[in-house]
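Coordinates in review
As a plain string of letters, each chain reads:
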Amino acid sequence: MPRREAILEAAARVIGKRGFEAATVHEIARAAGVAAGTIYLYFRSKDEILDALVAELAADIDEDLQAARSRAGVAGFLARRAERLYEKRGLLRAVFAQALVDSKFAGLVRQQVIRPHAEAVQQLAGRRKSKREAIALAQAALWWAAGLGEALGEQVDRKKLLRAAARLVETK
């Protein structure tokens, strides 16, 4: 794995676990298996690392939308978004916690993550072909809210939520 990606993966784990303010570049370097100085070859600061992680979250949305357009459809998009929210819940918790105290960063999160997700759902809503897809789109808001709630520390019964969503999508 290229070093930049290894650093970002390690940063996501460390920041997700400890929070942005508590995480240090030395911890990120140790988790990535590189010297602390190596991090500065790729990123000027811890803030820049966090910005790169937000850009990755945005790229995930774009990738999932492209898959939905080509083959996965609405239900596939929503299922993948729910899974990604769960997989990255620690990082999302740290991102949203930082957004609460840094208005400039909050703007970046709105621009690169929240707005593109909402636009993706709107684009797919315009393409819906059936009641089933309409129901699946309605689930997007529920999954997004549950994912954010979990990311921010709320207890969410993920399996129960996904079962309920699957039953709705299967409804004809």
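Here's what I pulled together on the structure shown here. (Residues numbered from 1 in each chain as written. Predicted model: local features only at pLDDT ≥ 70, side-chain atom pairs only at ≥ 80, totals over all residues. Heavy atoms only, no water.)

**Some details on the overall build of the chain**
When helices and strands are counted, the chain shows eight helices and zero strands. Evaluated residue by residue, the chain yields a buried proportion of 44% over its 172 residues. For the chain, contacts bridging at least 24 residues in sequence account for 64% of all contacts bridging at least 6. Summed over all atoms, the accessible surface of the chain reaches about 9600 Å², with 52% contributed by carbon and sulfur. (Helix = DSSP H or I, 4+ residues; strand = E, 2+ residues; numbered from the N terminus. Buried < 20%, exposed > 50% of the residue type's maximum accessible area, 1.4 Å probe, protein only. Contact = heavy atoms within 4.5 Å. Areas by Shrake-Rupley, 256 points an atom, 1.4 Å probe, with all protein chains shown as cover.)

**Observations concerning helix 1 (residues 3-18)**
Here helix 1 contains 16 residues, and its C-alpha end-to-end distance of 22 Å stays within 8% of the 22 Å for a straight helix at 1.5 Å per residue. Among all positions of helix 1, only Ala6, Ile7, Leu8, Ala10, Ala11, Val14, Ile15 and Gly16 are buried. (Expected span 1.5 Å × (residues − 1).)

**Observations regarding the side chain of Asp64**
Assignment of secondary structure puts Asp64 in helix 4 (residues 46-87). Residues within four places of Asp64 in sequence aside, it is in contact with Phe77, Arg80, Arg81 and Arg84.

**As for the packing of helix 1 against helix 2 (residues 25-32)**
The N-to-C vectors of helix 1 and helix 2 enclose an angle of 125°; their axes lie 8 Å apart at closest approach. When the interaxial angle is binned, helix 1 and helix 2 end up oblique. Remark: the crossing between helix 1 and helix 2 carries right-handed chirality. Seen from helix 1, the contacting residues are Ala6, Ile7, Ala10, Ala11, Arg13, Val14, Ile15 and Arg18; seen from helix 2, they are Glu27, Ile28, Ala31 and Ala32. (Axes fitted to C-alpha atoms, helices over the stretch in contact; angles between N-to-C directions. Parallel < 35°, antiparallel > 145°, perpendicular 65-115°, else oblique. Left-handed = near helix turned anticlockwise from the far one by under 90°.)

**Here's the deal with the nonpolar core**
Formed by 41 residues in total, the largest nonpolar core has its most connected members in Ile15, Ile28, Ile39, Ile49, Val95 and Phe105. Of all elements in the fold, only helix 1, helix 2, helix 3 (36-42), helix 4, helix 5 (89-101) and helix 6 (103-127) reach the threshold of two or more residues within this core. For this core, the leading source of residues is helix 4, giving 12 residues. (Core = buried A, V, L, I, M, F, W, Y, C linked by side-chain atoms within 4.5 Å.)

**Digging into the layout of surface pockets**
Of the pockets and cavities examined, the largest pocket occupies roughly 210 Å³. Together, 14 residues line the largest pocket, and Glu9, Ala12, Arg13, Lys88 and Leu91 are the ones closest to its centre. The biggest single contributor to the lining of the largest pocket is helix 1, with six residues. The residue makeup of the lining of the largest pocket, split by class, is five nonpolar, two polar and seven charged. (1 Å grid on protein atoms, 1.4 Å probe; cavity = no way out; pocket = protein on both sides within 12 Å on 5 of 7 lines; lining within 4 Å. Points joined across faces, edges and corners; volume = space filled by probe spheres on them. Nonpolar A, V, L, I, M, F, W, Y, C, P; charged D, E, K, R; others polar.)

**Some words on empty space enclosed by the protein**
It is a probe the size of a water molecule, rolled over the atoms, that shows where empty space is left. Inspection of the entire model under this criterion finds three cavities of 30 Å³ or more. Here the second largest cavity is characterised by a volume of approximately 70 Å³. Looking at the lining of the second largest cavity element by element, the count peaks at five residues for helix 4. Its residues assigned to classes, the lining of the second largest cavity comprises four nonpolar, no polar and four charged.

**Let's talk about the side chain of Lys46**
For Lys46, the position within the fold is in helix 4. Sequence-distant contacts of Lys46, that is, excluding residues within four places in its chain, are made with Phe20, Glu21, Ala23 and Val25.

**Quick look at helix 2**
Inspection of helix 2 places Val25, Glu27, Ile28, Ala29 and Ala32 among the buried residues, and these make up the whole buried set. Positioned one or two residues after helix 2, Gly33 has a phi angle of 75°, which is positive.

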